[in-house]
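Structural description and commentary
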Amino acid sequence: MTEDPFVAHRSLLFTVAYEMLGSSADAEDVLQESWLRWADVDRAQVRDPRAYLVRTVTRQALNRLRTLSRSREEYVGEWLPEPLLTSPDVAEDVELAENVSIAMLTVLETLGPTERAVFVLREVFEMPYGEIAEAVGKSAAAVRQIARRAREHVAARRPRVPVSRSEQQAVVERFLAALRTGQLQELLDVMAPDVVLIADGGGLAAAAPAPIHGAALVAKMLARPDRVVSAVWLNGSPAGRIEIDGRVAAVSLVVENGKVTRIHAIANPQKLTRLDEPAELAR
């Protein structure tokens, strides 16, 4: 019995939706809506099921993204993407790992819905402009212009210095070791002087309401020994899981020139539901 194309491409479809929304819960809702539409389709009329399903998921994700914009404007404190537990294998696809990273998803959040869809489909999944045009309801010429603007926008905001997987892992391990000891100087040594800490508690967990700038202030906030720190892989990169008095937070780091330059700490419990089982991501 031939496997249903939706099932066969589910990992790809989830990755598309998650890249566009930054939330696994919303991505799963989009997949459910897309499945219901797929169930009503005459399969004999579908020449390329993979392309058809990607278009369907993109349209549903765009609809969801537009309805989410107001709730995110009213979000308590800083909004960060929902972290996913991933296997180290995801990091083998360097482009996929970079594009699903918390840092990249945070940058994508600064794009408009259509720009984000075009960027994701073109830069991450390498879809032809014609197929993207069908998915977003624009002409191919318009899509080319949107893609160019989105690339420039993202390039201006993403980390400028490429970091090897080994360097990223080494710096993350040093940072987590410093967190375990709670030693102020060890934290200062592993962070850049202009490091920024962004925390997301969503009003449901203790978190700084605005970004904290500078190594001295960030280290002072983090230097406490009463926590359990473990290394995990989140969104295709080495990261940390922290437990304090039964409360959990996921920590993702941006590394440049051997130092931590940005810390994303997600403590909102509603965003930490995907930390027990690795997510299936694919391009």
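Above this text you will find the structure in question.
The notes below deal with the structure included here. Everything numeric here is computed off the predicted structure, so don't read it as measured data. (Residues numbered from 1 in each chain as written. Predicted model: local features only at pLDDT ≥ 70, side-chain atom pairs only at ≥ 80, totals over all residues. Heavy atoms only, no water.)

**Thoughts on the overall build of the chain**
Assigned secondary structure in the chain consists of twelve helices and six strands. A compact globule built from 283 residues should have a C-alpha radius of gyration of about 19 Å, and the chain, at 20 Å, falls within 12% of that. The principal-axis extent of the C-alpha atoms belonging to the chain is close to 65 × 40 × 40 Å. Scored against the burial criterion, the 283 residues of the chain give a buried share of 49%. Contacts spanning at least 24 positions in sequence make up 69% of the contacts within the chain whose residues lie at least 6 apart. Of the roughly 13500 Å² of accessible surface on the chain, 50% is carried by carbon and sulfur atoms. Computed over 34 positive and 39 negative side-chain charges, the separation of the two mean positions in the chain equals 5 Å. (Helix = DSSP H or I, 4+ residues; strand = E, 2+ residues; numbered from the N terminus. Rg over C-alpha atoms; globule rule 2.2 N^0.38 Å. Buried < 20%, exposed > 50% of the residue type's maximum accessible area, 1.4 Å probe, protein only. Contact = heavy atoms within 4.5 Å. Areas by Shrake-Rupley, 256 points an atom, 1.4 Å probe, with all protein chains shown as cover. Lys, Arg positive; Asp, Glu negative; His and termini not counted. Charge placed at Lys NZ, Arg CZ, Asp CG, Glu CD.)

**Quick look at the packing of helix H4 (residues 49–73) against helix H7 (residues 113–124)**
In the contact formed by H4 and H7, the axes pass within 9 Å of each other and the chain directions differ by 140°. Overall, the two elements H4 and H7 adopt an arrangement that is oblique. At the point where H4 passes H7, the crossing takes the right-handed sense. Together, Val 54, Thr 58, Leu 62, Leu 65, Arg 66 and Arg 72 of H4 and Pro 113, Thr 114, Arg 116, Ala 117 and Leu 121 of H7 make up the contact between the two elements. (Axes fitted to C-alpha atoms, helices over the stretch in contact; angles between N-to-C directions. Parallel < 35°, antiparallel > 145°, perpendicular 65-115°, else oblique. Left-handed = near helix turned anticlockwise from the far one by under 90°.)

**Section: the side chain of Ser 101**
Secondary-structure assignment places Ser 101 in the loop between helix H5 (94–99) and helix H6 (102–108). Taking the relative accessible area as the measure of exposure, Ser 101 reaches 14% and is therefore buried. At 2.8 Å, the side chain of Ser 101 forms a polar contact with the backbone oxygen of Glu 98. (Polar contact = N/O pair within 3.5 Å; in protein donor to acceptor, adjacent residues only side chain to side chain.)

**Regarding the packing of H4 against helix H8 (residues 129–136)**
At their nearest, the axes of H4 and H8 sit 8 Å apart, and the two run at 45° to each other. Relative to H8, H4 is oriented oblique. With respect to the hand of their crossing, H4 and H8 are arranged in right-handed fashion. Note on element contacts: H8 touches H4 through Glu 131, Glu 134, Ala 135 and Val 136, opposite Ala 51, Arg 55, Thr 58, Arg 59 and Leu 62. Looking at the contact of H4 with H8 residue by residue, the classes come out as four nonpolar, one polar and four charged. (Nonpolar A, V, L, I, M, F, W, Y, C, P; charged D, E, K, R; others polar.)

**Observations concerning the packing of aromatic side chains**
Taken as a whole, this structure holds three aromatic pairs when the rule is applied. Their ring planes at 65° and their centres at 5.2 Å tell us that Phe 6 and Trp 35 sit as a pair that is edge-to-face. Residue Phe 6 is found in helix H1 (residues 5–8), and its partner Trp 35 is found in helix H3 (residues 24–39); the two are separated by 29 residues along the sequence. For Trp 35, a relative accessible area of 32% gives the class partly exposed. (Phe/Tyr/Trp six-rings, centres within 6.5 Å; stacked < 30°, edge-to-face > 60°.)

**Structural notes on the pattern of salt bridges**
Close approach of charged atoms allows side chains with opposite charge to pair. Across all of its chains, the model carries 18 salt bridges by this definition. Put simply, Arg 274 and Glu 28 hold a salt bridge, and the shortest N to O gap is 3.5 Å. On the criterion of sequence distance, the pair formed by Arg 274 in the segment after strand E6 (259–266) and Glu 28 in helix H3 is long-range, its members being 246 residues apart. A relative accessible area of 27% places Glu 28 in the partly exposed class. Here the salt bridges share partners, and the residues they tie into one network are Asp 26, Asp 29, Glu 33 and Arg 64. (Salt bridge = Lys/Arg side-chain N within 4 Å of Asp/Glu carboxyl O.)

**A word on H7**
Between its terminal C-alpha atoms H7 stretches 16 Å, which fits the 16 Å expected from twelve residues at 1.5 Å a residue. Where H7 is concerned, the buried positions are Thr 114, Arg 116, Ala 117, Val 118, Phe 119, Val 120, Leu 121 and Val 124. Looking at the buried positions of H7, the neighbouring elements they touch are helix H2 (10–21), H4, H5, H6, H8 and helix H9 (140–155). Once H7 ends, the next one or two residues include Glu 126, with phi positive near 55°. (Expected span 1.5 Å × (residues − 1).)

**Details of the nonpolar core**
By size, the foremost hydrophobic cluster in this structure holds 51 residues, and its most contacted members are Met 20 and Leu 108. The set of elements that each furnish at least two residues to this core consists of H2, H3, H4, H6, H7, H8 and H9. When residues in this core are grouped by element, the largest group, eight residues, is from H2. Each residue touching Leu 108, except ones within four places of it in the same chain, is listed here: Glu 19, Arg 116, Phe 119, Val 120 and Val 154. (Core = buried A, V, L, I, M, F, W, Y, C linked by side-chain atoms within 4.5 Å.)

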